[in-house]
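# Residue-level structure breakdown
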Amino acid sequence: SSSSSSSSSSSYSYSSSDADDVVGLDVYNRLIHACAARGPDGLRRALELFEEVEASPSLAPDEYTYGSVLGACAAAGDAATADALVAEMSDRGVRHNRVTRHAYITALGRAGRWEDALDQFATLSGDARGGPSFRSSLGGNSPREDRRGASRESFSLTFDALLGGAGAEAAIASCALEPGGGDAFMRSERAAAARAVFREGVARGAYEDPILGLDASLDVSVDLVADFCPTEGEGGGGRSAPPGKNTGASARPLRVSFMSMTRSESIVATMVLLESFTSAPSAGALPSGLFIGAGPGTRGNAQRRMLAVESVLRAASLRCETIEDPRTYVIGVSNADLAEWVRRHAGAFDENRARIDARVNA
């Protein structure tokens, strides 16, 4: 009947005044989080849902609510709205966690505000400084450290925020194609900031220092090593140094592996490696060859990681060659080419280092 139909219909509906009795904060948080995938339109909808939470007499936004709406800001590249939300968090006494800080860093980076992103990373890293090391915190012995300190992901997304609005890969690929653009980029404050964050990661145990690493797993490159290492005589078979030049090559090549890194991490690790050579070129002999392993050749990620590393070397105007094998991708630099590059760039990256390092460690 009509009356029963009306009764049935009304039993499955509710007014906005009692919506909060049906939809809890956890549901709102999930809905807001889902909006991030829709870009600017998603941010608009996320803010509408956020306003519903604020208007509810029985709901109040928590750190997860703010993390979700800040994630939508990051996806849309809207740092101004993110600023307002972070200020509101402070007024409400809602503390940052890693998720809110990550989203804010990403929003700032995509808006081109890399210095503000660096300050946010420094704060995030400082939340954990003085506590257990990064490696010991992986065991989950400290819940607060796990939720509020810097994680491996913190470093990687900060690299993207620092190097360009579209991320590290796009930034290095773009400057590698511009005549002289790579050299200016490598010397820039942005690049110095990314290298400083990587060194903080080394200090915290998130990364190994690439200048110290010997990767014996790159045995597949033995022929490449022989080709690139300087000859000691006419029958050596390797690549000789320029006539009249002593490159001071050490007896062994430097082999490092980036196969466990993201592409953004590989880009910055390569820049740190180059900086290590230029900071004190006379402090020790250069390796007889530099070989960077990008991972198994059967995976698409390894190939893209290799291309990312190669883009850094080409942007730096450092000649390199690649070897592609079903088992691995390796990028090689001869001692002669490395020595010449170091001669031209000695001390080139020192200009911004002290100031940026102080900012990261503040």
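This is a predicted model, so every value here is computed, not measured. (Residues numbered from 1 in each chain as written. Predicted model: local features only at pLDDT ≥ 70, side-chain atom pairs only at ≥ 80, totals over all residues. Heavy atoms only, no water.)

A separate point is the environment of valine 268. Mapped onto the elements of the fold, valine 268 is located in helix H16 (residues 263-279). Considered as a pair, valine 268 and valine 309 are 41 residues apart in the sequence and their alpha carbons are 8.9 Å apart. If near-sequence neighbours (up to four positions away) are discounted, valine 268 is found in contact with Phe159, Leu163, Ala194, Arg195 and Phe198. (Helix = DSSP H or I, 4+ residues; strand = E, 2+ residues; numbered from the N terminus. Contact = heavy atoms within 4.5 Å.)

Before going further, it helps to spend a moment on the confidence of the model for the protein chain. With 72% of its residues at a pLDDT of at least 70, the protein chain reaches an overall mean of 78. Low pLDDT (under 50) marks residues 1-20, which in the prediction has seven contacts with non-local residues, meaning those over four places away or in another chain. Confidence drops under pLDDT 50 across residues 218-222; counting only partners more than four residues distant or on other chains, this segment forms 12 contacts. (pLDDT = per-residue confidence, 0-100.)

The two faces of a sheet get side chains in turn, since along a regular strand they alternate between them. A large share of strand S2 (residues 289-295) lies buried, amounting to seven of its seven residues. With four bridges joining them, strand S1 (residues 254-257) and S2 adopt parallel strand pairing. If you follow valine 256 over to S2, its bridge partner there is isoleucine 292. Here six bridges tie S2 to strand S4 (residues 328-334), and the two strands are oriented antiparallel to one another. Counterpart to phenylalanine 291 in the pairing with S4 is glycine 332. (Buried < 20%, exposed > 50% of the residue type's maximum accessible area, 1.4 Å probe, protein only. Pairing = 2+ DSSP bridges.)

Quick look at the packing of aromatic side chains now. A full pass over the atoms with the stated rule returns six aromatic pairs. Ring geometry for phenylalanine 121 against phenylalanine 155: centres 5.2 Å apart, planes inclined by 65°, an arrangement best described as edge-to-face. In this pair, phenylalanine 121 is assigned in helix H8 (residues 114-128) and phenylalanine 155 in helix H11 (residues 152-163), connecting sequence segments 34 residues apart. One exposure class covers both phenylalanine 121 and phenylalanine 155, and it is buried. (Phe/Tyr/Trp six-rings, centres within 6.5 Å; stacked < 30°, edge-to-face > 60°.)

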